[in-house]
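Chain by chain, the residues:
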Amino acid sequence: MLKQPLVTTLNLKDYTHGTSEQRKEFAQKFGESLRNIGFIILEGHGVDHNLLDKNYDVFQKFFGLPVETKSKYDTNEGGVRGYTGFGKEKAKDAKVADLKEFWHVGQQVPDGHPLSYIYPKNVWVEEIPEMKSLNLGLYTELERVAKIMLEALAMYFDLRQDFFTDMITNGNSIIRAIHYPPIGEDADPNAVRAGAHEDINLITILPEATESGLELLSDGEWHPVEAEKGQLIVDAGDMLSRITNEFIPATTHRVVNPAGAAKNTSRFSMPFFVHPYPNALLQTIPSTITDENPEKYPTITAGDFLYQRLVEIGLIKE
Ligand SMILES: O=C(O)CCC(=O)C(=O)O
Ligand SMILES: [Fe+2]
């Protein structure tokens, strides 16, 4: 018998263009796959490959700038906008920092919007003026896909259609463009590109990275997760796990260091972390509370939960 792949591939067109039966089937498979392994691979999402390529181009240009130039864009705003240099972030409970530098693009709300006083402003790079519209175009597209996925998830849980999408409208979602440089001779032998961790947010959408290395942990074993060109990887984070009373796991994953000649190659990725707005309540979905699985977590706001986790990973000092 053919071995089933660990991570299920789904086609979003079955939901966006399908009959009501196909939509239901998509929602069912999506929910079940997240439930089983916390990850799926997505096709048919309509994100233009040119847009992804062009974003990779500008991010590579940015990370190639001299350190002094990049540092101008380090806002020290808890690492949530602009540039964060090497050695700042480590996985929760890890002893050494990850081997990466990154760039964050957050939600844009109009001036005067209540959240405009809460969200730090995005930072744009003088040296690469085309970066702004490309990054915002990518943000809009990944947010569009996120909303469809979360609408399907609401169907899976028999919730009103906009249960999750209301939470992420003007949400604190963020694109994180990451550069993992070549592994130098002087690298700390204990340091990895991204240490084992769970994502903090509801779901994460990961366009395919420029190199392999992503792995997920299942039944105590690490398994590579590879997306082909044009596919997106989608995984569940702690916030989703929390409000589903751990019915959906936030699966642990990591990015391993390459071996051999690949050591000399940089790796770039650009996950989109889908977050609720800060005052949204992370409250257990009632249907996930049963006699065998009593409610595990008290209600907390998304903002308070995020703050706790950013302290744990070293991006905010208490
Ligand atoms: O770089 C990747 O492929 C994944 C990175 C990741 O898991 C994260 O930043 O949370
Ligand atoms: Fe992650």
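Residues numbered from 1 in each chain as written. Chains lettered and ligands numbered in written order. Predicted model: local features only at pLDDT ≥ 70, side-chain atom pairs only at ≥ 80, totals over all residues. Heavy atoms only, no water.

Following the UniProt record, the feature "domain: Fe2OG dioxygenase" (unreviewed entry) maps to residues 170–276 here. Taken end to end, residues 170–276 is 6% helix and 36% strand, and its two terminal C-alpha atoms sit 8 Å from one another. (UniProt positions renumbered as here; feature names shortened; annotations may be inferred. Helix = DSSP H or I, 4+ residues; strand = E, 2+ residues; numbered from the N terminus.)

Here we come to the pairing of strand E8 (residues 214–218). Working note: regular strand, side chains alternate between the two faces of the sheet. With respect to burial, E8 is a largely interior element, four of its five residues being buried. In terms of strand pairing, E8 meets strand E11 (residues 253–255) through three bridges, oriented antiparallel. If you follow Leu-216 over to E11, its bridge partner there is His-253. Linking E8 to strand E9 (residues 221–224), which pair antiparallel, is a turn of two residues; within it Asp-219 sits at a positive phi near 50 degrees. (Buried < 20%, exposed > 50% of the residue type's maximum accessible area, 1.4 Å probe, protein only. Pairing = 2+ DSSP bridges.)

Further remarks concern the coordination of the iron ion (ligand 2). For the iron ion (ligand 2), the full set of protein donor atoms is His-197 (NE2), Asp-199 (OD) and His-253 (NE2), at a range of 2.1 Å. Mapped onto the sequence, the donors of the iron ion (ligand 2) take the spacing H-x1-D-x53-H. With a gap of 54 residues between them, Asp-199 in the loop between strand E6 (194–197) and strand E7 (203–207) and His-253 in strand E11 connect regions that are remote in the sequence. Comparing Asp-199 with His-253, the two get one shared label, buried. (Donors = N, O, S within 2.8 Å, 3.2 Å for Na, K, Ca; no water.)

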